[in-house]
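# Notes for the structure review
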Amino acid sequence: MEQDAKNSYRTKQSVAQEFYHSCLGKIVILIAILLVLFVVAVITVPSEAKMQSEMMDDILECIHDNDSIKGDGIDDTIANFGRIFSEADSTEADKELLEAFNKYNKLEIYRHSFYSTARLRNNLSAEGIRVGVGIFGFVIPTVKYSDIILFVSTFKNYNKERLIDPPSQDEYVGENPNIKEYHYLGDPDN
C-alpha cells in the first residue's frame, strides 16, 4: 500500500495551493487585485487644480503644435501621448491666442469616484467635448485642434443673394407655355 501511495500521480497539496488552483480561488484573487487597484485609483485621483493646470498646458501645446499639417487621428493620439510627459513652452505663449481661447471656450473639470474628466464647452458643442481624463495621478489629454474655437467670423450674408440668377438677354431659354386656369368640374360621367 505504501508503494502505491508513493507512485501515485497525485501529491498532497497545501490548502493554499488547492485554493489557488480552484476556480473560486482565482475569482477571489482577481476581485482582491481589482479592489486594491480601485482603492489606489480613489486615493490618486488628480485634484481639480492639477487637472486645470495640466489641461491648460496640454491645450496650449495643441495650439502651438498645430502649425504643421495633420494627417489623421493617429497624429493627434501620438501628440496627446507625448503631452502627458511634457510641458508647453510658456515663453512662446501668444497672449492673443490665450485671450481668444478664454473668450470662446470654457474648460470644466468633473471629479468622479476614481477618475476625473475635463470637458471643453464652446459653440461647437453645448454639452461639451471630453478633452482629458485623469486617473492614477496622470492627466491624459484627448484634445484635438478641431475641438477648440479661437476665432468667430460672421456667416456669409446669403439672404441678399438671389437663389436663381436671371438669364442674360443674350441667352435663349425658350418660350413661355400657354397656361390656362383649370377648374375641376367633377366627373361628367356620373
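Treat the numbers as computed from the prediction; the structure is a model and nothing was measured.

Another aspect to go through is the overall build of the chain. The number of helices and strands found in the chain is six helices and four strands. Counting across all 190 residues of the chain, residues that qualify as buried make up 23%. Considering only intrachain contacts with a sequence separation of at least 6, the fraction spanning at least 24 residues in the chain is 60%. For the chain, the accessible surface area stands at approximately 15,500 Å², while carbon and sulfur atoms represent 57% of it.

Taking every second residue as pointing to the same face, the buried face of strand β4 (residues 138–141) carries Val139 and Pro141, while none of Phe138 and Ile140 on the other face is buried. In the sheet, strand β3 (residues 125–135) pairs with β4 via four bridges, with the strands oriented antiparallel. Pairing of Ile135 across the sheet is with Phe138, part of β4. Taken together, β3 and the strand that follows it, β4, pair antiparallel across an intervening segment of two residues, in which Phe136 is found at a positive phi of about 55°.

Between its first and last C-alpha atoms helix α3 (residues 23–43) spans 31 Å; for 21 residues at 1.5 Å apiece the expected length is 30 Å, and the two agree. Two or three places before Gly25, at the start of α3, stands the capping residue Ser22, its side-chain oxygen 3.1 Å from that residue's backbone nitrogen.

Attention now goes to the pairing of β3. Where strand β2 (residues 116–122) and β3 come together, six bridges link them in antiparallel fashion. When the bridges of β3 are listed, Asn122 appears paired with Ser125. What sits between the antiparallel neighbours β2 and β3 is a turn of two residues.

Time to look at the confidence of the model for the chain. The pLDDT averaged across the chain works out to 76; a share of 66% of its residues lies at or above 70. For the chain, per-element mean pLDDT is lowest for helix α1 (residues 2–7), which scores 54, and highest for α3, which scores 90.

To continue, consider the environment of Val139. Here Val139 shows up in strand β4. Spatially, the C-alpha atoms of Val139 and Glu54 are 6.8 Å apart, while their sequence positions differ by 85 residues.

Attention shifts here to the nonpolar core. Membership of the largest hydrophobic core comes to 17 residues, with the highest contact counts inside it found for Ile59, Phe101, Leu107, Ala118, Val131 and Ile148. Elements that contribute at least two residues to this core include exactly α4 (48–65), β1 (106–111), β2 and β3. Top element by residues in this core is α4. It accounts for six residues. The residues contacting Ile59, other than those within four sequence positions of it, are Phe101, Leu107, Val143 and Ile148.

Now for the sheet that holds β2. One open sheet holds the four strands; their spatial order is β1-β2-β3-β4, and the pairing between them is antiparallel. The open sheet terminates on both sides in strands that have one partner only, identified here as β1 and β4. Across this sheet, the average inter-strand angle for adjacent strands is 30°, counted without regard to direction.

The rules behind the values
- Within every chain, residues take consecutive numbers counted from 1 along the sequence as written.
- Thresholds applied to this predicted model are a pLDDT of at least 70 for local features of residues and 80 or more for the giving and counting of side-chain atom pairs; totals over whole chains, interfaces and linings are not thresholded and use all residues.
- Side-chain numbers come from the whole structure's heavy atoms, not from hydrogens or water.
- Helix and strand labels come from DSSP, where a helix needs a run of H or I of at least four residues and a strand needs a run of E of at least two; each type is numbered from the N terminus.
- Exposure categories follow from relative accessible area, calculated using a 1.4 Å probe and restricted to protein chains: below 20% of the type maximum is buried, above 50% is exposed, and the middle band is partly exposed.
- For this analysis, residues touch if any pair of their heavy atoms sits within 4.5 Å.
- The protein chains shown are the only cover counted for residues, whose accessible areas, like all others here, come from Shrake-Rupley with a 1.4 Å probe.
- DSSP-based pairing: two strands are paired if at least 2 bridges between them are found.
- A helix is expected to span 1.5 Å for every residue after the first.
- Counting of polar contacts relies on pairs of N or O atoms within 3.5 Å, with two restrictions inside protein: one atom must be capable of donating a hydrogen and the other of accepting it, and residues adjacent in sequence are counted only when both atoms are side-chain atoms.
- Residue-level confidence of the predictor is summarised by pLDDT, bounded by 0 at the bottom and 100 at the top.
- By nonpolar core is meant a set of buried Ala, Val, Leu, Ile, Met, Phe, Trp, Tyr and Cys residues that side-chain atoms within 4.5 Å join together.
- For helices, the fitted line uses only the C-alpha atoms of the stretch in contact; every axis is such a line through C-alpha atoms, and the angle between N-to-C directions lies from 0 to 180 degrees.

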